[in-house]
Amino acid sequence: MSSIVSETVKVIGESANAFGNIQIDWEQRRYEIAKDAMLGIIANSNDDDYRYIERGSSQDYKYKLQREDIVHRAVLYADALIAELKMEMNR
């Protein structure tokens, strides 16, 4: 398990202990993680990928394909992190 996941689980656990047994809104966390992942994907895209996003129109197939790929990858990363967090919290 990565150190990022370990640290995240530690922070969640400490927060739960400090404030009582809190409920985690996993859908909200999924949104937040996917949003951050999407920003990271875009920031690390090469110039050609970024140009497709900037200059593409909603009718442009390359634009739609690129946008959907970025969104799909971001959600996959969010789901993977949440699955890892849930597994670690249940140990």
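Provided above is the structure to which this section pertains.
In this text, all values refer to a predicted model and were calculated from it rather than measured experimentally.

Participant: Looking at this model, I keep getting lost on the overall build of the chain. Mind explaining?
Facilitator: A count of helical and extended segments in the chain gives four helices and zero strands. When the elements of the chain are put in sequence order from the N terminus, they spell out α-α-α-α. Scored against the burial criterion, the 91 residues of the chain give a buried share of 19%. Sequence separation of at least 24 residues holds for 71% of the intrachain contacts in the chain that already meet a minimum separation of 6. Approximately 6,800 Å² of the chain is accessible, and the part contributed by carbon and sulfur atoms is 52%.

Participant: Where do I start with the pattern of salt bridges in this structure?
Facilitator: A pair can form between side chains of opposite charge whenever their charged atoms are brought close. All told, the structure shown has four salt bridges when counted by the stated rule. Close ionic contact of Asp 69 with Arg 73 constitutes a salt bridge, the shortest N to O distance being 3.5 Å. Within this pair, Asp 69 and its partner Arg 73 are both found in helix α4 (residues 61-89), separated by four residues, close to a single helical turn. Taking relative accessible area as the criterion, Asp 69 reaches 33% and is therefore assigned partly exposed. Here Arg 91 makes a salt bridge to Glu 88, at a shortest N to O gap of 3.0 Å.

Conventions we followed
- Residues numbered from 1 in each chain as written.
- Predicted model: local features only at pLDDT ≥ 70, side-chain atom pairs only at ≥ 80, totals over all residues.
- Heavy atoms only, no water.
- Helix = DSSP H or I, 4+ residues; strand = E, 2+ residues; numbered from the N terminus.
- Buried < 20%, exposed > 50% of the residue type's maximum accessible area, 1.4 Å probe, protein only.
- Contact = heavy atoms within 4.5 Å.
- Areas by Shrake-Rupley, 256 points an atom, 1.4 Å probe, with all protein chains shown as cover.
- Salt bridge = Lys/Arg side-chain N within 4 Å of Asp/Glu carboxyl O.

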